[in-house]
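# Coordinates in review
If you want the building blocks of each chain, they are given just below.
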Amino acid sequence: MTTRFDPVEMRSRFPALAQEVHGRPLVYLDSAATSQKPRAVLDVIDEYYEHDNANVHRGIHELSRRATVAYEEARTKVARWINAADDSELVWTRGTTEAINLVAMAWGLDNVAEGDEILISVLEHHSNIVPWQILAARTKAKLRYIELDDQGRLDLSTLDEVLTERTKILAISHVSNSLGTINPVRTLAEAAHRVGAVVMVDGAQGAVHTQVDVQALGVDFYAFSGHKMCGPTGIGALWAKKELLEAMAPYQGGGEMIHIVGRDASTWASVPHKFEAGTPNIAGAVGMGAAVDFLTDVGVDSIVEHERALMEYAMDRVRAVPGITVYGPESLDERSAVISFTLGDAHPHDISTILDAEGVAVRAGHHCAQLVMKHFEVAATARASFYLYNTTDDVDRLIEGLGKVREIFA
Ligand SMILES: Cc1ncc(COP(=O)(O)O)c(C=O)c1O
């Protein structure tokens, strides 16, 4: 039986949230950049280092055995979290960025050639733009874009023009970090598959607030990061269909990823280890597994319900601030827990500085989405992003802080 979700109690499970900043209790509204970590995850990482620390897949001593079991059990947890058909479809990476680069290089260099097209969107984080620019330059392929409408949603009216028989890969975010737009990934994947393209999803913001089912989404690659979902930094994963991983060349060479090494050539370990050269981030993987345990224990339905109610409250209050412009989809059905905004003539950096003095942490800048900023003809926005530990009091503190911004810029 699940107990009722209590956001105040939830907040108390995150030690970093218990502090004061500039003399005020911290209000952390920057979870889209990185989430805070619950005590439960921190304890598992400590426990691992204090008792089981050893290298994996190498030793036959007890600690190495324990470390290997912990590392592989974490893989199973994370693979189940996204409903992978098999644990071996989950490759550990440093995060979303490395996972996308892995696909761009290990899959891209062998499958994309001159005259082919790579399709992305204007909504993407730089991590899902730059690797494709590099691949396009190396292969002489053409990079094409799905444009945005005035609410920062993908403009699918021109999809037939940009998604063609020449498209080899569609690389698209599940959820935008800069605006919170939730993309219709399943529909896009069906359209891409009809023209024979494979589909890579940047799930950095997608696998965070709810449980993702990669099989139901019908995609081929899904990349995500541990640190955005209550796990540690420096760990993430690439999920891919097994047949794709098996057909792909290694991304990096080194220890762990080989079967036999000869003088002139080597053979590769089976997947997923073929893509995990060198000593991996074992504690990170264990921590990401613990984050999945934590989120599962809290209950995905409770998280979704809480964040929806919080966003309804936050959007109403933020929209009522005189002089504010909120970017992104109007409907909460199409928006994740992100509010990107500008306020009159105040520069977003000034907004963030004034809020920081009040103990309220928001992000200001282009959010690694310069094309989105260009689309809305702004240099930057301020962004408040919410997670399971945020409360309506946090929203009230944000509104109070925005009142200070208005006073100063009046
Ligand atoms: C949508 C999106 N894609 C990619 C990334 C990159 O993730 P990481 O820095 O964890 O590799 C982020 C991080 O902010 C993101 O929000």
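All figures in this text were calculated on a predicted structure; none of them were measured in a lab. (Residues numbered from 1 in each chain as written. Predicted model: local features only at pLDDT ≥ 70, side-chain atom pairs only at ≥ 80, totals over all residues.)

The assigned domain composition of the protein chain is domain 1 (7-30 + 299-409) and domain 2 (43-296). Measuring from the centre of the C-alpha atoms in domain 1 to the corresponding centre in domain 2 gives 28 Å. The interface of domain 1 with domain 2 comprises 20 residues on the first partner and 21 residues on the second. For the side of domain 1 that touches domain 2, the secondary structure elements donating two or more residues are helix H11 (300-319), strand E14 (338-343) and helix H13 (370-375). Considering each element in turn, the side of domain 1 that touches domain 2 owes the most residues, four residues, to H11. (Domains from an automatic or database assignment. Contact = placed C-beta atoms within 7 Å. Helix = DSSP H or I, 4+ residues; strand = E, 2+ residues; numbered from the N terminus.)

Sheets are built from strands that pair by backbone hydrogen bonding, the pairs being arranged parallel or antiparallel. Spatially, seven strands are ordered E4-E10-E9-E8-E7-E5-E6 in an open sheet, and the strand pairing comes out mixed. Sheet topology places strand E4 (90-93) and strand E6 (142-146) at the edges, where each strand pairs with a single neighbour. Pairs of neighbouring strands in the sheet enclose a mean axial angle of 20 degrees, with direction left out of account. Relative to E6, strand E5 (residues 117-121) runs parallel, the two being bridged by five bridges. Looking at the pairing, Glu117 lines up with Lys142 of E6. On top of the sheet, helix H4 (residues 96-111) reaches E4, strand E7 (167-173), strand E8 (198-202), strand E9 (221-225) and strand E10 (236-240); it is set at about 35 degrees to E10, its chief contact. (Pairing = 2+ DSSP bridges. Axes fitted to C-alpha atoms, helices over the stretch in contact; angles between N-to-C directions.)

Checked against the element boundaries, Gln205 lands in the loop between E8 and helix H8 (214-217). For Gln205, a count of 28 C-beta atoms within 10 Å corresponds to the buried category. Gln205 sits 171 residues away from Phe376 along the chain, and the two C-alpha atoms are 21 Å apart. (Buried ≥ 20, exposed ≤ 12 C-beta atoms within 10 Å, placed from the backbone.)

This next bit is on the site of the ligand. Gly95, Thr97, Asn177, Ala204 and Ser225 are the nearest of the 13 residues found near the ligand. Among the residues making up the shell around the ligand, the classes are represented as one nonpolar, eleven polar and one charged. (Near = placed C-beta within 6 Å. Nonpolar A, V, L, I, M, F, W, Y, C, P; charged D, E, K, R; others polar.)

With that out of the way, let us pick up the environment of Ala285. Examined against the element boundaries, Ala285 turns out to sit in helix H10 (residues 282-298). For the pair formed by Ala285 and Val372, sequence separation is 87 residues and the distance between their alpha carbons is 32 Å. Residues in contact with Ala285, not counting those within four places in the same chain, are Tyr71, Ala74, Arg75, Trp92, Ile235 and Pro280.

Our next topic: the sheet that holds strand E17 (residues 381-385). What the four strands build is an open sheet, ordered E13-E14-E17-E16; its pairing is antiparallel. The two strands at the open ends of the sheet, each matched to only one other strand, are strand E13 (324-327) and strand E16 (363-365). Adjacent strand axes in the sheet meet at a mean angle of 30 degrees, parallel and antiparallel pairs treated alike. The pairing of E16 with E17 spans three bridges and is antiparallel. Paired with Arg363 across the two strands is Arg383, which belongs to E17. The strands touched by helix H12 (residues 348-357) are E14, E16 and E17; relative to E16, the strand with the most contacts, the crossing angle is about 160 degrees.

The subject of this paragraph is the pairing of E4. Side-chain alternation along E4 places Leu90 and Trp92 on one buried face and Val91 and Thr93 on a second face that is also buried. When E4 meets E10, the two strands line up antiparallel, connected through four bridges. Residue pairing in the sheet places Thr93 in a bridge with Gly236 of E10.

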